Amino acid sequence: RHSSLRAIAEAPSEALRGRSIRELKAWLKEVGGSDSGLLEKADLIDALIAKAGGGMIASRVVAATEGGGEGCPPLCVCGGALERLTGRARMR
């Protein structure tokens, strides 16, 4: 459905350059990272890629750009909204 997913997953830094610093910081915190000491946008991008990986970034970028914007969760194939969970929350 999203032809851009593979391209984003293979080159996540390219896709992240167009995102706001505020958005990058929020995404980094979502995946358990910290923006402490990161002063440049490139540093935030590198930290996010290292913590999350290309696949998560691809789905997040598509959800933010095509899924209705910030705060709107991506849709599941069944049509329901997806929710990001931590590993501990999944184990419950």
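Quick caveat: nothing in here was measured; it's all calculated off a predicted structure.

Basis of the calculations
- Residues numbered from 1 in each chain as written.
- Predicted model: local features only at pLDDT ≥ 70, side-chain atom pairs only at ≥ 80, totals over all residues.
- Heavy atoms only, no water.
- Helix = DSSP H or I, 4+ residues; strand = E, 2+ residues; numbered from the N terminus.
- Buried < 20%, exposed > 50% of the residue type's maximum accessible area, 1.4 Å probe, protein only.
- Areas by Shrake-Rupley, 256 points an atom, 1.4 Å probe, with all protein chains shown as cover.
- Core = buried A, V, L, I, M, F, W, Y, C linked by side-chain atoms within 4.5 Å.
- Contact = heavy atoms within 4.5 Å.
- pLDDT = per-residue confidence, 0-100.
- Arc of directions from axis to C-beta.
- Axes fitted to C-alpha atoms, helices over the stretch in contact; angles between N-to-C directions.
- Parallel < 35°, antiparallel > 145°, perpendicular 65-115°, else oblique.
- Left-handed = near helix turned anticlockwise from the far one by under 90°.
- Nonpolar A, V, L, I, M, F, W, Y, C, P; charged D, E, K, R; others polar.

### Re the overall build of the protein chain
Then step 1. On a plain count of helices and strands, the protein chain comes out with six helices and zero strands.
Then step 2. The helix and strand sequence of the protein chain, counted from the amino end, reads α-α-α-α-α-α.
Then step 3. Classification of the 92 residues of the protein chain by burial places 25% in the buried group.
Then step 4. Summing over all exposed atoms, the protein chain offers an accessible surface of approximately 6,200 Å²; the carbon and sulfur share of this is 52%.

### Some words on the nonpolar core
Then step 1. If you look at the biggest cluster of nonpolar residues, it comprises twelve residues: Ile 8, Leu 16, Leu 24, Trp 27, Leu 28, Leu 44, Ile 45, Leu 48, Met 56, Ile 57, Ala 58 and Val 61.
Then step 2. For this core, the secondary-structure elements that each account for two or more residues are helix H3 (21-30), helix H4 (41-52) and helix H5 (54-66).
Then step 3. Considering each element in turn, this core owes the most residues, four residues, to H5.

### Quick word on the environment of Ile 57
Then step 1. Here Ile 57 shows up in helix H5.
Then step 2. Of the residues examined, Ile 57 reaches a relative accessible area of 1% and is grouped as buried.
Then step 3. Spatially, the C-alpha atoms of Ile 57 and Trp 27 are 8.9 Å apart, while their sequence positions differ by 30 residues.
Then step 4. Residues in contact with Ile 57, not counting those within four places in the same chain, are Ile 8, Pro 12, Leu 16, Leu 48, Ile 49 and Ala 52.

### A few points about the confidence of the model for the protein chain
Then step 1. Mean pLDDT over the protein chain works out to 77, with 76% of the residues at or above the 70 mark.
Then step 2. Per-element confidence in the protein chain is highest for H4, whose mean pLDDT is 89, and lowest for H5, whose mean pLDDT is 68.

### Considering H3
Then step 1. Where H3 is concerned, the buried positions are Glu 23, Leu 24, Trp 27 and Leu 28. The buried residues of H3 occupy an angular sector of 135° when the element is viewed end-on, so they sit on one face. H3 presents Arg 22 and Lys 29 as exposed residues on the side facing more than 90 degrees away from its buried surface.
Then step 2. Remark: Gly 32 follows H3 within two positions and exhibits a positive phi of approximately 90°.

### Points about the packing of H3 against H4
The angle between the axes and the distance between the axes are what describe a pair of packed helices.
Then step 1. For the pair H3 and H4, interaxial distance at closest approach is 10 Å and the crossing angle is 30°. The orientation of H3 relative to H4 falls into the category roughly parallel. You can see that H3 and H4 cross each other, and the crossing is left-handed. Each of Ile 21, Leu 24, Lys 25, Trp 27 and Leu 28 in H3 lies in contact with H4, whose residues at this interface are Lys 41, Leu 44, Ile 45, Ala 47, Leu 48 and Lys 51.
Then step 2. In terms of residue class, the contact of H3 with H4 is made up of eight nonpolar, no polar and three charged.

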